[in-house]
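Descriptive analysis of the structure
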Amino acid sequence: VTITTRLLVSHLSGIRHYEKDITKVKEEKEKANRALKLTKSHQDKEQKEKEGKGIEKTDCVKQKKEHDGETKSRNSKPGRKDKEFEQEEYYLKEKFESVIESLKIFKNDPLFFKPGSQFLYSTYGFTLLSAVVERASGQKFTDYMLKMFRDLDMLSTVLDDNEAMIYNRARCYVYNKKGRLVNAPYVDNSYKWAGGGFLSSVGDLLKFGNALLYSYQAGQFKNSNGQLLPGYLKPGTVAMMWTPVPKTEVSWDKDGKYAMAWAVVEKNQQYGCCRQQRHYASHTGGAVGASSVLLILPEELDPEALGTWPVAPPRGVIVTIICNMQSVSLNSTALKIAREFDKEKRAQ
């Protein structure tokens, strides 16, 4: 088979995640699909009833239905373990000297499906991607990334190296089986730098989001007297990264599709004065003892105002949350915050 970098970044490669048993993976996907069908049929029924009675649901009620699964996760009893974190490979303590070396964990395992045919989120797919970056750049992957973080002015973003002295490094926590808060167990993330091996701060992630949003929008603005600097990436590159890929799915927002290393919800409104989908891109993060999200809600730009200075990119709202607690669902919270700031901006 052929596995391309595009398949890797969209999780269509067929490479396994932490679960090695393909039967269990299929069972979980079938359960999720059944739950999704039930939710959709319930929403369709409500929509028909609403149209028949002429009653408009409030945003609060709609938000509750849209993110029901995430709400259940947030409201679950303390100490109830996320099933994914029961996988042994989350807790590896072996130190790997290079990303090439860490490929030995999964390189001899069978693919779960023909590349390109199905979606399966895979941290190891990103480990292979980091090996591609290492060989293509001729540099160690970690050196390559740290230089990029410096270019982006993300000076607080570093490797999650247990031995290094890292100022202001937070302690991570989990709930034990008795529902008590305890320190997260020791792990070594050198086997998955690309899929969960960096430490960062809220400030740095906001810089990262602004750099991407600026790059995305820079091509839409007139460059008055050369005052507008180019973005870190070409506008077309970010647009490609934020274009939904067929056959993909997103666990944290059922309206979304996976794109290239980002989850994307496209702008959509089917009925007047009814539910609207705003275009946004986001990604959540889950690790042993930590949870995070970075969400980018681009402003819907007025073409007539684009040449007016000092209106310049980035235009929109960026929300990031970092929590030193395991298994905390954050995407819907970030989206609510982004929408509130967006409403405020529109009202001005």
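Here's what I pulled together on the structure shown here. Per chain, residues are indexed from 1 in the order of the written sequence. For this predicted model, a pLDDT threshold of at least 70 governs which residues receive local features, and a threshold of 80 or more governs which side-chain atom pairs are given and counted, while totals over whole chains, interfaces and linings are taken from all residues. Hydrogens and water are ignored here; the side-chain numbers use all heavy atoms of the structure.

**Some details on the overall build of the protein chain**
So the rule is basically this: We count a stretch as a helix when DSSP gives it H or I for four or more residues in a row; a strand needs E for two or more, and each element gets its number in order from the N terminus. Under the scheme applied here, a residue whose accessible area is under 20% of the maximum for its type counts as buried, over 50% as exposed, and between as partly exposed, the area being computed with a 1.4 Å probe on protein chains only. Contact criterion: two residues are considered in contact whenever any of their non-hydrogen atoms come within 4.5 Å of each other. The accessible surface values rely on the Shrake-Rupley method and a 1.4 Å probe; as for residues, cover is taken only from the protein chains in view.
Within the protein chain, the secondary structure is distributed over 11 helices and 9 strands. The buried share of the protein chain, taken over its 348 residues, is 37%. Taking contacts inside the protein chain between residues at least 6 apart in sequence as the whole, the part at least 24 apart equals 67%. When the accessible area of the protein chain is evaluated, it comes to approximately 20500 Å², of which 53% is carbon and sulfur surface.

**Observations regarding the pattern of salt bridges**
So the rule is basically this: A side-chain nitrogen of Lys or Arg and a carboxyl oxygen of Asp or Glu constitute a salt bridge if their distance falls within 4 Å.
Taken as a whole and judged by the stated rule, the model has 17 salt bridges. Of the charged contacts, one joins Lys20 and Glu89 as a salt bridge, the two residues approaching to 3.7 Å between their closest N and O atoms. Here Lys20 is found in the loop between helix H1 (5–9) and helix H2 (22–53), whereas its partner Glu89 is found in the loop between helix H4 (68–74) and helix H5 (99–102), with 69 residues between them in sequence. Of the residues examined, Lys20 reaches a relative accessible area of 55% and is grouped as exposed. Among the ionic pairs, Lys345 bridges to Glu299, the shortest N-O distance being 3.5 Å. With Lys345 in helix H11 (residues 331–347) and Glu299 in the loop between strand E8 (290–298) and strand E9 (316–323), the pair connects residues that are 46 residues apart, well separated along the chain. For Lys345, a relative accessible area of 33% gives the class partly exposed. Where salt bridges share partners, they join Lys267, Arg278, Glu300, Asp342 and Arg346 into one cluster.

**With respect to the nonpolar core**
Heads up, the condition is: As used here, the term nonpolar core means buried Ala, Val, Leu, Ile, Met, Phe, Trp, Tyr and Cys residues forming a set that is joined through side-chain atoms within 4.5 Å. For the domains described, the bounds stem from an automatic or database domain assignment.
Among the nonpolar cores identified, the biggest contains 43 residues, and Tyr124, Leu212, Trp242, Trp262, Val288 and Ile296 are the most heavily contacted of them. Looking at this core, the elements that each hand over two or more residues are H1, helix H6 (123–137), helix H7 (141–151), helix H9 (202–218), helix H10 (235–241) and E8. Counting residues domain by domain, this core receives three or more from each of domain 1 (1–37 + 83–162 + 188–194) and domain 2 (200–347). If we skip the residues at most four places from it in the chain, Leu212 touches Leu233, Val238, Met241, Trp242, Trp262 and Ile296. Tyr280, Ile321, Leu335 and Ala338 belong to the second-largest nonpolar core, a separate cluster that totals 12 residues.

**Points about the sheet that holds strand E7 (residues 280–287)**
Where we set the bar: For two strands to count as paired, DSSP must find a minimum of two bridges between them. All axes are obtained by fitting lines to C-alpha atoms, using only the stretch in contact for helices, and the reported angles, taken between N-to-C directions, cover 0 to 180 degrees.
Spatially, E5-E6-E7-E8-E9 is the arrangement adopted by the 5 strands of the open sheet, whose pairing is antiparallel. With one partner strand each, in any of the chains shown, strand E5 (257–258) and E9 form the two edges of the open sheet. For E7 and E8, the ladder comprises 7 bridges, and the chain directions are antiparallel. Looking at E8, one finds that Ala281 is bridged to Ile296. With respect to the sheet, H9 is in contact with E8 and E9, its orientation differing from that of E9 by roughly 150°.

**Remarks on H7**
Residues spaced three or four apart along an α-helix face the same direction, because each turn holds 3.6 residues. Quick reminder of the rule: In this context, the arc is that of the directions from the helix axis out to the C-beta atoms.
Of the residues making up H7, those classed as buried are Phe141, Thr142, Met145 and Phe149. One face of H7 carries all of its buried residues, which in axial projection span an arc of 95°. Packing partners of the buried residues in H7 comprise H5, H6, strand E1 (158–159), helix H8 (193–196) and strand E4 (198–199). Once H7 finishes, Asp153 follows within two positions and takes phi at roughly 65°, a positive value.

**Focus: unusual backbone geometry**
Pro314 follows Pro313 through a cis peptide bond whose omega is 0°. Within the secondary structure layout, Pro314 lies in the loop between E8 and E9. In this structure, His11 is a non-glycine residue whose phi angle is positive, near 60°. Residue position: His11 is located in the loop between H1 and H2. We note that Cys273 has phi near 60°; this positive angle belongs to a residue other than glycine. Tracing the sequence through the fold places Cys273 in the loop between strand E6 (263–265) and E7.

**Considerations on the state of the cysteines**
This is how the line gets drawn: Note on terminology: disulfide denotes any pair of cysteine sulfur atoms within 2.5 Å.
Per the stated rule, a full pass over the model turns up 0 disulfides. Of the cysteine sulfurs around Cys172, a residue in no disulfide, the closest is that of Cys323, at 9.3 Å. The exposure class of Cys172 is partly exposed, given its relative accessible area of 25%. For the unlinked cysteine Cys273, the closest cysteine sulfur is that of Cys274, found at 6.9 Å.

**Some details on the side chain of Thr157**
To keep things clear, this is the line we draw: Each polar contact in these results corresponds to two N or O atoms within 3.5 Å; when the atoms are within protein, one needs to be able to donate a hydrogen and the other to accept it, and residues that are neighboring in sequence are counted only if both atoms are side-chain atoms.
Examined against the element boundaries, Thr157 turns out to sit in the loop between H7 and E1. The exposure class assigned to Thr157 is buried, which follows from its relative accessible area of 6%. For Thr157, the side chain forms a polar contact with the side chain of Ser200, separated by 2.8 Å. Look past the residues within four positions of Thr157 in its chain and what remains in contact with it is Leu146, Phe149, Phe198, Leu199, Ser200 and Asp204.

**Looking at the side chain of Gln326**
Structurally, Gln326 can be placed in the loop between E9 and H11. Apart from residues lying up to four places away in sequence, Gln326 is in contact with Phe85, Tyr91, Tyr173, Val174, Ala287, Val288, Gly289, Ala290 and Ser291.

**Side note on H11**
To keep things clear, this is the line we draw: Each helix should span, by expectation, one fewer than its residue count multiplied by 1.5 Å.
End to end, H11 covers 24 Å across 17 residues, agreeing with the expected 24 Å (1.5 Å per residue, within 8%). Residues of H11 that are buried include every one of Asn331, Ser332, Ala334, Leu335, Ala338 and Asp342, and no others. Within H11, the buried residues cover an arc of 150° as seen down the axis, which keeps them to one side. Turned more than 90 degrees away from the buried face of H11 sit Phe341, Glu344 and Ala347, all of them exposed.

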